[in-house]
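# Per-entry structural report
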Amino acid sequence: MRRFVTRQPALTDMLLRFSHRERRLIGLLLVAVLPLSTILLILLPLAEARVAASQTRDDARDLLNWIETQAAAYPEATAPEAPAKAERASLAALESALVSAGLRQQVTTLGNRGTNQVEIRFDSASFTDVMDWLTGQQAQTGFALSSLIVEDLPSAGQVTVSLVLEPAS
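Let me begin by describing the structure that accompanies this report. Note that the structure is predicted; figures quoted are calculated from it, not measured.

Check the secondary structure of the chain and you find four helices and four strands. In the chain, the succession of α and β elements from N to C terminus is α-α-α-β-β-α-β-β. Across the 169 residues in the chain, those meeting the buried criterion constitute 17%. Taking the intrachain contacts of the chain between residues at least 6 apart in sequence as the baseline, contacts between residues at least 24 apart amount to 51%.

What follows is the structure, given as structure tokens:
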């Protein structure tokens, strides 16, 4: 006949080796320290993140309220009037507009590019002067911007500009 020997689990063996006082301390560790560490390491950071998210939401609402207040303080903007249409798109009108803007001397290329397109290139020109001219040129010349490439130069405010214009419809 076989005998069955029952063995106690390893954890029970280990606990039985400890004195009564040591077992109480282990129990205290399980009852107090583990829940406390869970609170400190998991729950408190979650609560702090919630407070931070709430503060961010409140800041966004305050900003929205401020924007609405500012928008109400100013009358609605009306669309600017459309510029008067030029008689007819022509190279002469384009060159005249460049001369009146003081940019003709800086133009390195001015000529036809394919059908109904004009190419203009400035190798070194003031960015603000070119953009100011470009803003009002359609009303003066009858050409609309088709393509624009602006490259910065080492000197401050100077750019290389290549643009293609075509007759405005």
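Back to the text.
Taking strand neighbours across the sheet as the criterion, the four strands line up as β1-β2-β4-β3 in an open arrangement whose pairing is antiparallel. Looking at strand neighbours, the two that pair on one side only are β1 (107-112) and β3 (143-152), the edges of this open sheet. On average, each strand axis in the sheet is inclined to that of its neighbour by 15°, with strand direction left out of account. Along the sheet, helix α3 (residues 91-101) makes contact with β1, β2 (118-126), β3 and β4 (158-167), crossing β1 at roughly 165°. Lying over the sheet, helix α4 (residues 127-141) contacts β2, β3 and β4, oriented at roughly 175° with respect to β3.

Core analysis: the biggest nonpolar cluster contains 18 residues, and Ile120, Phe122 and Trp133 have the highest contact counts within it. Apart from the residues lying within four places of it in its own chain, the contact partners of Trp133 are Leu94, Ala97, Leu98, Ala101, Leu103, Ile120 and Leu165.

Thresholds applied
- Residues numbered from 1 in each chain as written.
- Predicted model: local features only at pLDDT ≥ 70, side-chain atom pairs only at ≥ 80, totals over all residues.
- Heavy atoms only, no water.
- Helix = DSSP H or I, 4+ residues; strand = E, 2+ residues; numbered from the N terminus.
- Buried < 20%, exposed > 50% of the residue type's maximum accessible area, 1.4 Å probe, protein only.
- Contact = heavy atoms within 4.5 Å.
- Pairing = 2+ DSSP bridges.
- Axes fitted to C-alpha atoms, helices over the stretch in contact; angles between N-to-C directions.
- Core = buried A, V, L, I, M, F, W, Y, C linked by side-chain atoms within 4.5 Å.

Purely geometric numbers; function is a separate question.
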